[in-house]
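In case you want the letters, here they are:
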Amino acid sequence: MAMAGHAPGGALPLILLVVSCCGLVVSGASPAAAALRRVGSGSGGLCDQLLLPLGYPCTEHNVETKDGFLLSLQHIPHGKNKAADSTGPPVFLQHGLFQGGDTWFINSAEQSLGYILADNGFDVWIGNVRGTRWSKGHSTFSVHDKLFWDWSWQELAEYDLLAMLGYVYTVTQSKILYVGHSQGTIMGLAALTMPEIVKMISSSALLCPISYLDHVSASFVLRAVAMHLDQMLVTMGIHQLNFRSDMGVQIIDSLCDGEHVDCNNLLSAITGENCCFNTSRIDYYLEYEPHPSSTKNLHHLFQMIRKGTFAKYDYGLLGNLRRYGHLRPPAFDLSSIPESLPIWMGYGGLDALADVTDVQRTIRELGSTPELLYIGDYGHIDFVMSVKAKDDVYVDLIRFLRENGWHNSY
Ligand SMILES: *[C@@H]1O[C@H](CO)[C@@H](O)[C@H](O)[C@H]1NC(C)=O
């Protein structure tokens with residue numbers, strides 16, 4: 001299952017060369033990197049692996065995007081003890097980068113948002129973007145093809161969200177409550193500027209909301225940006241970004257040089273400190289995460305960090321002219337999100353990815369005034385994995401969802 005980014009034969013020595021040319025030390029497999037090599041051995045889908053064993057109802061659904069990707073969605077129509085006919089409004093959960101739908105079920109049923117929503121009477125739907133373990137299909141390409149990885153979060157918004165939300169909208173005949181975390185909020189905010197998507201949404205709750213990224217402070221990320229990891233991978237013809245592959249492990253080892261980036265706690269180096277992460281559960285988390293993404297997605301995210309924009313993928317002057325009819329990629333205009341759409345945001349003072357300065361800019365540019373929940377000692381991962389997220393975050397999030405979407409049949 002561990003898959004090398006589809007690289008030409010000489011790629012490994014090449015990255016060693018490139019890496020040593022840039023003054024970094026390749027240290028051999030660090031414990032953190034070694035742990036990443038272990039890949040979950042369970043078979044079957046997300047329902048089979050996580051929800052059904054705990055006694056929750058769960059069905060697998062498949063949708064095809066306009067550009068041929070085959071995505072899986074999971075449906076949890078009610079909680080463990082509820083009658084099937086007590087179904088509330090559909091709520092759609094969209095995971096973040098290097099994560100999958102498993103994120104919403106990875107702590108105990110009392111702690112994880114997916115279970116909690118089902119037990120609170122919501123009709124829960126789980127999104128899984130292209131390239132993750134649960135959505136690895138395509139009508140013509142395989143994961144070994146370069147073109148399978150030719151996308152960024154822009155396509156995740158324009159194609160994956162359109163297909164997944166369209167399916168839920170059709171099946172439930174109801175507007176949808178959209179909940180996203182991290183990249184799931186980048187996708188969500190971009191998608192909410194699109195009339196064909198926003199018409200399906202009744203309200204939106206965003207955990208660690210991101211549209212601007214130029215105040216990212218995570219040491220691992222800043223190091224990767226400074227050494228142009230994105231362009232390096234493109235040059236080397238590596239299109240799949242998989243931290244479980246040999247290449248992924250090399251990348252981590254080369255960035256974690258102990259001087260600029262201390263990866264004793266890799267998660268903190270990548271996301272910032274997290275107040276309430278359950279370290280006894282790491283082996284279990286690593287059964288499922290990290291999921292793969294694309295090099296092009298990394299490049300797009302780094303464009304945002306470098307340029308301070310929330311815009312479509314930058315193909316360079318000529319490429320932009322050809323694709324967009326402009327020299328610069330068009331920006332996603334946050335002020336075009338309908339003012340009537342209720343938005344709730346939860347963000348943390350220790351988040352090194354969704355920095356407070358960037359979150360405040362996002363809020364300023366929205367036409368509406370979102371409801372805010374700020375937690376000073378919360379980091380990026382706490383909002384989905386904190387052992388006390390239920391009390392700290394989900395109680396208020398559920399209040400918002402109840403007030404803004406319980407009667408929204410169309
Ligand atoms: C942390 O994870 C361990 C292992 O799964 C579990 O036994 C423990 O209850 C968890 N701690 C909390 C506070 O949830």
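Rules and cut-offs
Residues numbered from 1 in each chain as written. Predicted model: local features only at pLDDT ≥ 70, side-chain atom pairs only at ≥ 80, totals over all residues. Heavy atoms only, no water. Core = buried A, V, L, I, M, F, W, Y, C linked by side-chain atoms within 4.5 Å. Buried < 20%, exposed > 50% of the residue type's maximum accessible area, 1.4 Å probe, protein only. Helix = DSSP H or I, 4+ residues; strand = E, 2+ residues; numbered from the N terminus. Contact = heavy atoms within 4.5 Å. UniProt positions renumbered as here; feature names shortened; annotations may be inferred. 1 Å grid on protein atoms, 1.4 Å probe; cavity = no way out; pocket = protein on both sides within 12 Å on 5 of 7 lines; lining within 4 Å. Disulfide = S-S within 2.5 Å. Points joined across faces, edges and corners; volume = space filled by probe spheres on them. Phe/Tyr/Trp six-rings, centres within 6.5 Å; stacked < 30°, edge-to-face > 60°. Lys NZ or Arg CZ within 6 Å of the ring centre and 35° of its normal. Lys, Arg positive; Asp, Glu negative; His and termini not counted. Salt bridge = Lys/Arg side-chain N within 4 Å of Asp/Glu carboxyl O. Polar contact = N/O pair within 3.5 Å; in protein donor to acceptor, adjacent residues only side chain to side chain. Near = heavy atom within 4 Å. Areas by Shrake-Rupley, 256 points an atom, 1.4 Å probe, with all protein chains shown as cover. Nonpolar A, V, L, I, M, F, W, Y, C, P; charged D, E, K, R; others polar.

A. Looking closely at the nonpolar core. Residues Phe92, Trp153, Phe310 and Leu401 are the most contacted members of the largest nonpolar core, which totals 126 residues. Per-element tally for this core: the top contributor is helix α5 (residues 153–172), with 10 residues. Residue contacts for Leu401: discarding those within four places in its chain leaves Val91, Leu117, Phe122, Leu177, Val179, Ser203, Ala205 and Trp406.

B. Structural detail: the environment of Ile197. Inspection of the secondary structure puts Ile197 in helix α7 (residues 195–198). In this structure Ile197 comes out as buried when scored by relative accessible area, which is 1%. Considering only alpha carbons, one finds Ile197 and Leu161, 36 residues apart in sequence, at a separation of 8.0 Å. When sequence neighbours within four positions are dropped, the list of residues in contact with Ile197 reads Ala157, Leu161, Leu162, Leu165 and Ala191.

C. Region of interest: the UniProt feature "active site" (unreviewed entry) in the protein. Per the UniProt record, the feature "active site" (unreviewed entry) sits at Ser182, Asp351 and His380. For the annotated residues, spread through 199 residues, the largest C-alpha to C-alpha distance comes to 10.6 Å, consistent with a single compact locus. Those annotated residues that line the largest pocket are Ser182 and His380. Checked against the element boundaries, Ser182 lands in the loop between β6 (176–181) and α6 (183–192). Those residues in contact with Ser182, other than ones at most four positions away along the chain, are Gly96, Leu207, Cys208, Ile210 and His380. Take His380: it is sitting in the loop between β11 (371–375) and α16 (382–385).

D. Inspection of the state of the cysteines at higher detail. Summed over the entire model, instances satisfying the criterion amount to 2 disulfides. Here Cys47 pairs with Cys58 through a disulfide, and the sulfurs are 2.0 Å apart. Between Cys47 and Cys58, the disulfide has an S-S torsion of -65° and is therefore left-handed. Residue Cys47 is found in helix α3 (residues 46–51), and its partner Cys58 is found in the loop between α3 and β1 (59–64); the two are separated by 11 residues along the sequence. Taken individually, Cys47 and Cys58 each receive the classification buried, so the pair is uniform in this respect. One disulfide bridge connects Cys275 with Cys276, the sulfur atoms lying 2.2 Å from each other.

E. Structural view of unusual backbone geometry. The amide bond that connects Glu289 to the next residue, Pro290, takes the cis arrangement and shows omega of 5°. Tracing the sequence through the fold places Pro290 in the loop between α12 (282–288) and β9 (293–294). Although it is not a glycine, Phe98 adopts a positive phi angle of roughly 60°. Relative to the elements of secondary structure, Phe98 occurs in the loop between β3 (90–94) and α4 (113–119). We classify Phe98 as buried; its relative accessible area is 16%. Although it is not a glycine, His228 adopts a positive phi angle of roughly 55°. Position of His228 among the secondary structure elements: in the loop between α8 (219–226) and α9 (229–235). The class of His228 is partly exposed, set by a relative accessible area of 38%.

F. Here's a closer look at the layout of surface pockets. Looking at the largest pocket, its volume works out to about 1100 Å³. Every residue lining the largest pocket is counted, 45 residues in all, and those nearest its centre are Leu266, Leu267, Ile270, Thr271 and Ile381. Secondary-structure elements contributing two or more residues to the lining of the largest pocket are α2 (31–37), α6, α8, α11 (266–271), α12 and α13 (295–307). A total of 5 residues in the lining of the largest pocket trace back to one element, the largest contributor, which is α11.

G. How the structure looks around the packing of aromatic side chains. If you walk through the whole model with that rule in mind, you get 19 aromatic pairs. Taking 5.0 Å as the distance between ring centres and 65° as the angle between the ring planes, the aromatic pair formed by Phe148 and Trp149 counts as edge-to-face. Accessibility expressed as a relative area gives 0% for Phe148, which makes it buried. Here the aromatic cluster, defined as three or more aromatic residues joined through ring pairs, consists of Phe69, Phe148, Trp149 and Trp151. Positioned over the ring face of Tyr313 is Lys296, at 4.8 Å from the centre of the ring.

H. Structural context of the side chain of Asp355. Relative to the elements of secondary structure, Asp355 occurs in the loop between β10 (343–348) and α15 (356–365). In this structure, Asp355 is buried with no salt-bridge partner, the nearest side chain bearing the opposite charge being Arg364 at 10 Å. At 2.8 Å, the side chain of Asp355 and the backbone nitrogen of Thr357 are in polar contact.

I. How the structure looks around the site of the ligand. Around the ligand, the structure places Gln111, Asn278, Arg281 and Val387. Asn278 places a polar side-chain atom, nitrogen or oxygen, 2.3 Å from an oxygen atom of the ligand. Protein burial of the ligand: of its 360 Å² of free accessible surface, 45% is covered by the chains. For the shell around the ligand, a count of residues per class yields 1 nonpolar, 2 polar and 1 charged.

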